[in-house]
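Single-letter residue listing:
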Amino acid sequence: MKTILTFILAGIVAFATAQNNDTRFDLGKVYEGGYPAINGVVEKMADAQVIEYGVRWQADFSSEIDIHRNYMFLKTDSELLAFDTYYQLLISPKFVASVRDDFRLNGDESAMLFQELLCLVDQRFWDVFFFQENHDWYFIRKVFFDDIEAWKVTVDNGGKILSIDYSSRMQVTLPDDKEDVKMVDVSGYQSNAAISGEDAKVMQQYIDDKLTFNQEVVSVPEDIITPFSSARVCKLKYSFSETVSDDEYGDYISTSSYEYPVLVDGVEILVFNDINELISSERFKERLNSDFTLSVEGNAFLFETFLDEVTSFDKREKATFSQYNSWFFVREESFGEPAGFRVEVDEKGVPVAIYYSGNLGVKVPEEVFDESTVDWGFSLIDPLQTELKVTEGTVLPFGVVFNDDAASKTGAWLMVSYQGEMVSMYAATEMTSPYYSEVPGEIMTVGKHTVDIYLMRPGMDTETAHGKITLNIEVVPFDDGGMDWSLNMEEPAQNELQSQEGVSIPVRLLFDADEANRLGVNLIIRFNGNDVGGSNAPHLNSPFETQIPGDAMTSGKHIVEFLLVPPGKEKDRVLASAVVNIEVK
């Protein structure tokens, strides 16, 4: 059974790291599907039926949690084939082969029927049209400047469909004259037919084999929330993974993730649309400790620490201050205005209202930094020495740490210079510590080199920089002194294997990692002649452990090579190799 799938992505929101496996948050699983309206058109032109079928995960404690994944199945007399979208189903050779010999795309009547099919797919019922050019029929779905979304159906002299193609940027010249566009009426297409038990069983098995479902409960750590609240705040994280086949990128694993902020109040589980809504809710305010007040700055810091744990924020714009009868917790700017939380308090500092706003309507007090008192903490963490000797062509990674809060708020920035010339910069708008980068192997030629890393004040004056780190690098030619390199494969035990389709194969390699790191040697993984991964000095480890992924183990013969190679100009020279020949059945 051939399956064509596309990539699905759901937004991921950062949250706390404490975990809890609470079965109260388990989701129920049901299968469902039917014959969609498109099936009514398909049956008029093909010896096939279309079934839309999928799986749904739902929570019995909230209607807000409803996760589903549907597939499209093309049913013929001999096969039940799965596709990710209607688009992939219609352009497939299997669908073209199912079109009956008596259906001919040879005039407006048959073209209108095909257009109705497309209207059911993309729900566009007007501003669509079709025309014929030689043996190609073009069904135009959308025109946006020079981008033409269209289907192309190629037919023979008698109108028999030979192929179907779709593109959001179809290469086609539109006719100067076209008929007036009329709204397409597809209201007559519907079906109440029941899916047979046998077909349902096959589709359910396909879905079970294809999808891996995971769930996790991530709670705010108690030491962060209990100082001011008895509430339990957590994020419910659900995801499913599947293998995706892509004509351009090949097979890869796609994971769709869904996250829901939750407030647990006794036996009640309250699900909110987002974390800002949860914190602004009356129920959250009611769960604040009775003795918690914002009459002292330290308690405001406790609440800010909680917000840092559960919400996103822009470090440059983040601010906490008291004005009027409220405490303001600014998280970012929105259209030039401060956005965040306002906590109104009574005369004793007891919170009486909490709400989030994209415009708090308040002026943020300017924070004045006395640069002479700031501990910038600018230091090198990788490598640990500043006097270095490396092999020609070696990539040299480096990392620095610094006071990123002060750097962001004062407009400081990082600059890297090579031989006295600026080669890269790290803007103040993105300042986070630690900062990692690398000196590329291409410029590591034989000789002496200097790399300077500056923590700069606003401007270009290196003399007034907050800090400077200099790496003095001596680059020497690659010389392994005739070392007898070896790359021993402990796993798999044999280099000639037979395996089953979709089964991953673990790999464990032994070699002299210390010498490899000292000399800048790299490890390359080559799959069927293409470099697909590996590891580079100075971060090589022995044993080197990996897996040949099951997604790559398709039917046929495969060659996987593991190669130790020198850096730089000699990188095509193989020092040692281990090869696995795999036959997948």
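This text follows the structure it describes.
Described in the following lines is the structure provided in the data block.

## Quick look at a nonpolar patch on the surface
For step 1, the next point in the chain: Residues M422, M425 and M460 make up a contiguous nonpolar surface patch of about 330 Å² in total accessible area.
For step 2, the next point in the chain: Residue placement: M425 occurs in strand β23 (residues 421-426).

## Here we look at the nonpolar core
For step 1, the next point in the chain: Among the nonpolar cores identified, the biggest contains 40 residues, and F95, F114, F139, V153 and I161 are the most heavily contacted of them.
For step 2, the next point in the chain: A total of eight residues in this core trace back to one element, the largest contributor, which is helix α4 (residues 108-122).
For step 3, the next point in the chain: Residues contacting I161, with those up to four places away along its chain left out, are V96, V99, F103, L105, F114, V153, T154 and V155.

## Remarks on the pattern of salt bridges
For step 1, the next point in the chain: Counted under the stated rule, the structure contains 26 salt bridges.
For step 2, the next point in the chain: When the shortest N-O distance is used, the salt bridge between R283 and E268 registers 2.9 Å. Of this pair, R283 sits in helix α8 (residues 282-286) while E268 sits in strand β14 (residues 268-271), and the two are 15 residues apart along the sequence.
For step 3, the next point in the chain: On the accessibility criterion, R283 (26% relative accessible area) is partly exposed.
For step 4, the next point in the chain: For E515, the salt bridge identified is with R518, shortest N-O distance 2.8 Å. Highlighted residues: E515 and R518, both in helix α11 (residues 513-519), separated by three residues, approximately one helical turn.
For step 5, the next point in the chain: Classification of E515 as partly exposed rests on a relative accessible area of 23%.
For step 6, the next point in the chain: Judged by its relative accessible area of 51%, R518 is exposed.
For step 7, the next point in the chain: One connected set of salt bridges, linked through shared partners, spans D265, E268, R283, E286 and R287.

## Focus: unusual backbone geometry
For step 1, the next point in the chain: The peptide bond linking D382 to P383 adopts the cis configuration, its omega dihedral lying at -5°.
For step 2, the next point in the chain: Residue position: P383 is located in the loop between β19 (379-382) and β20 (387-391).
For step 3, the next point in the chain: In this structure, P538 follows A537 across a cis peptide bond, with omega equal to 10°.
For step 4, the next point in the chain: For P538, the location among the structural elements is in the loop between β31 (530-535) and β32 (544-548).
For step 5, the next point in the chain: For F145, which is not glycine, the phi torsion reads 55° and is therefore positive.
For step 6, the next point in the chain: Along the chain, F145 turns up in the loop between β8 (136-144) and β9 (147-155).
For step 7, the next point in the chain: Its relative accessible area of 72% is what places F145 among the exposed residues.
For step 8, the next point in the chain: With a phi close to 55°, Q419 is a non-glycine residue in the positive phi region.
For step 9, the next point in the chain: Within the element layout of this structure, Q419 appears in the loop between β22 (413-418) and β23.

## Focus: the sheet that holds strand β25 (residues 447-456)
The strands that make up a sheet pair up through hydrogen bonds in the backbone, lying either parallel or antiparallel.
For step 1, the next point in the chain: What the five strands build is an open sheet, ordered β20-β26-β25-β22-β23; its pairing is mixed. Every interior strand has two partners, whereas the edge strands, β20 and β23, have only one. Shown here is a sheet whose adjacent strand axes are inclined to one another by a mean of 25°, direction ignored.
For step 2, the next point in the chain: The pairing of β22 with β25 spans six bridges and is classified as antiparallel. What sits directly across from M415, in β25, is Y454.

## Focus: the sheet that holds strand β24 (residues 435-439)
For step 1, the next point in the chain: In space, the three strands of this open sheet follow the order β19-β21-β24, with antiparallel pairing throughout. Among the strands making up the open sheet, the edge pair consists of β19 and β24. The sheet shows a mean angle of 35° between the axes of neighbouring strands, direction not considered.
For step 2, the next point in the chain: Of the strand pairs in this sheet, strand β21 (residues 396-401) and β24 are connected by five bridges, and their pairing is antiparallel. Within β24, the position partnered with P397 by the bridge is E438.

## Comments concerning the packing of aromatic side chains
For step 1, the next point in the chain: Scanning all chains against the criterion turns up 27 aromatic pairs.
For step 2, the next point in the chain: With a centroid separation of 5.6 Å and an interplanar angle of 70°, the aromatic rings of F228 and F303 are classed as edge-to-face. Here F228, found in the loop between α6 (222-225) and β12 (232-246), pairs with F303, found in helix α9 (residues 297-310); they are 75 residues apart in sequence, far enough to count as distant. An identical accessibility class is assigned to F228 and F303; each is buried.
For step 3, the next point in the chain: Consider the rings of F284 and F306, whose centres lie 5.7 Å apart with planes at 15°: the pair is stacked. Here F284 is found in helix α8, whereas its partner F306 is found in helix α9, with 22 residues between them in sequence.
For step 4, the next point in the chain: Given a relative accessible area of 0%, F284 falls into the buried group.
For step 5, the next point in the chain: For F306, a relative accessible area of 0% puts it in the buried group.
For step 6, the next point in the chain: The ring of Y71 carries R69 above its face, with NZ or CZ at 4.2 Å from the centroid.
For step 7, the next point in the chain: Over the aromatic face of F313 sits the side chain of K318, whose NZ or CZ is 5.3 Å from the ring centroid.

## Overview of helix α1 (residues 38-45)
For step 1, the next point in the chain: All of the buried residues along α1 are I38, N39, V41, V42 and M45. Each buried residue of α1 lies within a common arc of 160° when the element is viewed along its axis, so the set occupies one face.
For step 2, the next point in the chain: Among the structural elements, β4 (49-58), α2 (86-91), α3 (93-98) and α4 are those in contact with the buried residues of α1.

About the criteria used
- Residues numbered from 1 in each chain as written.
- Predicted model: local features only at pLDDT ≥ 70, side-chain atom pairs only at ≥ 80, totals over all residues.
- Heavy atoms only, no water.
- Patch = residues over 30% accessible without salt bridge, like charges linked within 9 Å, V, L, I, M, F, W, Y side chains within 5 Å.
- Areas by Shrake-Rupley, 256 points an atom, 1.4 Å probe, with all protein chains shown as cover.
- Salt bridge = Lys/Arg side-chain N within 4 Å of Asp/Glu carboxyl O.
- Helix = DSSP H or I, 4+ residues; strand = E, 2+ residues; numbered from the N terminus.
- Core = buried A, V, L, I, M, F, W, Y, C linked by side-chain atoms within 4.5 Å.
- Buried < 20%, exposed > 50% of the residue type's maximum accessible area, 1.4 Å probe, protein only.
- Contact = heavy atoms within 4.5 Å.
- Pairing = 2+ DSSP bridges.
- Axes fitted to C-alpha atoms, helices over the stretch in contact; angles between N-to-C directions.
- Phe/Tyr/Trp six-rings, centres within 6.5 Å; stacked < 30°, edge-to-face > 60°.
- Lys NZ or Arg CZ within 6 Å of the ring centre and 35° of its normal.
- Arc of directions from axis to C-beta.

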